[in-house]
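Given next are the chains, with one letter for each unit.
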Amino acid sequence: MGSKWRKAKLALGLNLCVYVPRTLDDSAAPSSERLSDAALLSPTNWDSRPMTPTPSSHGLRLAKSGSKPSKQTCSICLTKMKQGGGHAIFTAECSHSFHFHCISSNVKHGNQLCPVCRAKWKEIPFQAPTLDPLPGRASVGWPQTDAMMTVVHRLPPPPRRDRRHVVPLLQVPEPSVFNDDESLDLQPAFAERSSGNKIAAGHNAGKIVEIKTYPEVSAASRSNSYDNFTVLVHLKAGATVARENPRGNLASLPQLSQTPRAPVDLVTVLDISGSMAGTKLALLKRAMGFVIQNLGSNDRLSVIAFSSTARRLFSLRRMSDAGRQHALQAVNSLVANGGTNIAEGLRKGAKVMEERREKNPVASIILLSDGQDTYTVSGSSGNQPQPNYRLLLPLSIHGGDNAGFQIPVHAFGFGADHDASSMHSISEISGGTFSFIETEAVIQDAFAQCIGGLLSVVVQELQVGVECMHPSIRLGSLKAGSYPSRVMADTRSGFIDVGDLYADEERDFLVSINVPAEPSMNQTSLLKVRCAYRDPLTKEMTTLESAEIKLERPEISGEAVVSIEVDRQRNRLQAAEAMSQARTVAERGDLAGAASILENCRRLLSETVSAKSHDRLCIALDAELKEMQERMASRHVYEASGRAYILSGLSSHSWQRATARGDSTDGSSLVQSYQTPSMTEMLTRSQATFLGSPSAQRLVQPLWSFGSQPKPR
């Protein structure tokens, strides 16, 4: 079912143009460039033979579907143009044919270029504004009427001075300093709260983060001591972003929320090397269109495109109506060619962040690449040591000794040929996540899941402190995954730096301590947990602490019942450790040994308390480990997808944050343990846009506003 749905999404989703006026004069471009640009819309070689010719003074024809049968495919929706389909067919003066409703949607925003050959048309089809899609139809469900057939606009040629001054976007000179970011213009609802509204801050104090603790057993014999006793620290961020439709019904998706949220500065660093030509680049444009349309008017976006070199397509701009239009035009102008210089792309992205005059509360970089950097590092092979992937990151990103800030990079490895090791390292060093986009059609969903989180940050600079309460208790270890943690020299206290939390996001950390024997005591005080964090809206720091964690000490304890919450997190950490070990062994060429490690881990997990209770996380871990085993079937399979799948899994578990893994954003997947409701909603929006329904078209508005709904468009 999942495979059929993905194919259907790909078929419906290949309405690939970002429907905005292009800024390039393609009529002046070399024919080779036009052909490569045309390939962005097609995974195959299009049949460009014209339909049965009909005399026309302007070289184009409108024909009803009762014309001579044709096996042509519409180059936009990828469905056959055949007799009896109930669709009008438009043949342009360049001889390429399309469904009328498909091409009219393309040109209604002013696009005058053939999506296939990029020829500039003198006449374009125009969709009458009163015609709506038929209810229940997908993207090919428009009615055929004589009124629609006759609406064709003739385009006047542009003035000569306009043609003379058109400059390709990628040739526009860059400033030496990127301090031209658009000023923040906070809307009233956001400005009121961020100015220090004490009522709002007091109302949320203590509710943004919730602390719960679980000792591995609730009671232990007072005469016994324990050297490796585990306490689970569970944190959950509040749900400050309103949700009105938790079931994700497409017919009644959530209305725009009145709840303010922290605006975002987002820089996307996009690979446009030659290997991205064709469907990859077209789907990337579509995904970026989705991102642009779902950012709010106080969010700012800048786009860096890189191949052999890197360029900033436009400065950090607010996504107002004008900003969105500018961003869409810039993205739509991209053409794939050249090599893959990831380091230069990240350098430009970091430069945008570092030199901006003003800063939104949340900042992040999204990196997408389908290849390997051949300019800064060389891949490891045989007995060669692992490359120093830190060289790909500028100092301001990887947080060196002299860096004043650190920006997380959420890396997306696209396809079978990307360098998963470098992308995972980039994300790990910077504090971001690594996602593996195995299926091309999933790219928009992967981006949607990521921004669904970024647009819901409710906690920043979160630090967790653990303090021993009993004088004889000492900390053994803090198991925090990739989060920086440290135990103080006296082993009486320790700290974990967590950073940002999205709305509804959870974190679990295991604290190991010793518990002394206490023959005369009924209870032993173990730990106290404290949290300090910043509210991204009010900028105020808040501290809170848990109740004292105590262990009951009966004279004689019965059979110890292990806490399922603690057992669940032990399983997660054990599975992550097995993944890491299996990857190390696989990199040495021993795939059988790597698969054996994963199989042994599955067997151990199956014997745990949570597995026997059919715990959902345990079921998901088993399915994930099994999938990794299958991706080690051969060296070819491991190189193509196994390595990336394991690394994206490790990234997810080490940060306890959702990543895309293969098709993991698909609704049938079990690997959704860290998805938040905000991510799920944005995924629902992304998947709904493939349906082509009027309700789906209305979804490409920002999911959340800053206290006021946008004006209807």
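What counts as what
- Residues numbered from 1 in each chain as written.
- Predicted model: local features only at pLDDT ≥ 70, side-chain atom pairs only at ≥ 80, totals over all residues.
- Heavy atoms only, no water.
- Helix = DSSP H or I, 4+ residues; strand = E, 2+ residues; numbered from the N terminus.
- Contact = heavy atoms within 4.5 Å.
- Areas by Shrake-Rupley, 256 points an atom, 1.4 Å probe, with all protein chains shown as cover.
- Pairing = 2+ DSSP bridges.
- Axes fitted to C-alpha atoms, helices over the stretch in contact; angles between N-to-C directions.
- Parallel < 35°, antiparallel > 145°, perpendicular 65-115°, else oblique.
- Left-handed = near helix turned anticlockwise from the far one by under 90°.
- Nonpolar A, V, L, I, M, F, W, Y, C, P; charged D, E, K, R; others polar.
- Salt bridge = Lys/Arg side-chain N within 4 Å of Asp/Glu carboxyl O.
- Buried < 20%, exposed > 50% of the residue type's maximum accessible area, 1.4 Å probe, protein only.
- Phe/Tyr/Trp six-rings, centres within 6.5 Å; stacked < 30°, edge-to-face > 60°.

Going by an unreviewed UniProt entry, the protein chain carries the name Anaphase-promoting complex subunit 11 and comes from Populus trichocarpa.

Trainee: When you look at the overall build of the protein chain in this model, what are you seeing that I'm missing?
Mentor: A tally of regular secondary structure across the protein chain gives 20 helices and 22 strands. Sequence-distant contacts, at least 24 apart, represent 73% of the contacts inside the protein chain between residues at least 6 apart. Counting only carbon and sulfur atoms, one obtains 51% of the accessible surface of the protein chain, whose full area is about 29800 Å².

Trainee: Which parts of the structure should I look at to understand the sheet that holds strand 15 (residues 475-479)?
Mentor: Paired through their backbone hydrogen bonds, the strands of a sheet run either parallel or antiparallel. Pairing is antiparallel in the open sheet, where four strands are placed in the order 6-7-18-15. Each having just a single partner strand, strand 6 (209-215) and strand 15 make up the two edges of the open sheet. The mean inter-strand angle of the sheet, taken between neighbouring strand axes irrespective of direction, is 20°. Pairing of strand 6 with strand 7 (residues 226-237) involves seven bridges; the strand directions are antiparallel. Looking at the pairing, Thr-213 lines up with Val-233 of strand 7.

Trainee: What is the right way to look at the packing of helix 17 (residues 616-630) against helix 18 (residues 635-655) in this model?
Mentor: Each pair of packed helices can be summarised by the angle the axes make with each other and by the distance between the axes. In contact at an axis separation of 9 Å, helix 17 and helix 18 are set at 155° when each is read in the N-to-C sense. Taken together, helix 17 and helix 18 sit at an angle that is classed as roughly antiparallel. Two packed elements cross with a definite hand, and for helix 17 against helix 18 that hand is left-handed. Along the contact surface, helix 17 presents Leu-621, Glu-624, Glu-627, Met-628 and Glu-630, while helix 18 presents Val-637, Tyr-645, Ile-646, Gly-649 and His-653. Of the residues in the contact of helix 17 with helix 18, the class split is five nonpolar, two polar and three charged.

Trainee: Can you walk me through the pattern of salt bridges in this structure?
Mentor: Overall, the coordinates contain 32 salt bridges when judged by the stated rule. The closest approach of N and O atoms between Arg-661 and Glu-624, which form a salt bridge, is 2.1 Å. Within this pair, whereas Arg-661 is found in strand 22 (residues 661-662), its partner Glu-624 is found in helix 17, the two being separated by 37 residues in sequence. Residue class for Arg-661 comes out buried when judged on its relative accessible area of 4%. One salt bridge connects Arg-643 with Glu-639, and the closest N-O pair in it is separated by 2.9 Å. Of the two residues, Arg-643 and Glu-639 both sit in helix 18, four residues apart, roughly one turn of that helix. Residue Arg-643 is classed as buried on the basis of its relative accessible area of 12%.

Trainee: Looking at this model, I keep getting lost on the packing of aromatic side chains. Mind explaining?
Mentor: The relation between two aromatic rings is expressed through the spacing of the ring centres and the mutual angle of the planes. The full count for this structure, using the stated rule, is four aromatic pairs. Arranged with centres 5.0 Å apart and planes meeting at 70°, the rings of Phe-412 and Phe-447 form a pair that is edge-to-face. Pair noted here: Phe-412 is in strand 12 (residues 409-414) and Phe-447 is in helix 13 (residues 443-454), with a separation of 35 residues, a long-range link. No difference in accessibility class separates Phe-412 from Phe-447, as the two residues are buried. Put simply, the rings of Tyr-483, Phe-509 and Trp-655 pair up and form one aromatic cluster.

Trainee: What exactly am I supposed to notice about unusual backbone geometry here?
Mentor: Peptide bonds are, in most cases, trans, and in most cases residues other than glycine have a negative phi. Positive phi, close to 60°, is recorded for His-614, a residue that is not glycine. In this structure, His-614 sits in the loop between helix 16 (609-612) and helix 17. According to the relative accessible area criterion, His-614 is exposed, its value standing at 64%. Of note, Gln-656 is a non-glycine position whose phi angle comes to about 55°, a positive value. Relative to the assigned elements, Gln-656 resides in the loop between helix 18 and strand 22. Residue classification places Gln-656 among the buried residues on the basis of a relative accessible area of 3%.

Trainee: For this particular structure, what's the right way to read the packing of helix 12 (residues 420-430) against helix 18?
Mentor: Following both chains from N to C, one finds helix 12 and helix 18 inclined at 10°, their axes separated by 9 Å at the closest point. One finds that helix 12 runs roughly parallel with respect to helix 18. Of the two elements, helix 12 crosses helix 18, and the hand of that crossing is right-handed. Residue-level inspection shows Ala-420, Ser-421, His-424 and Glu-428 of helix 12 in contact with helix 18, the latter providing Arg-643, Ala-644, Leu-647, Leu-650, Ser-651, Ser-654 and Trp-655. Of the residues assigned to the contact of helix 12 with helix 18, the class counts are five nonpolar, four polar and two charged.

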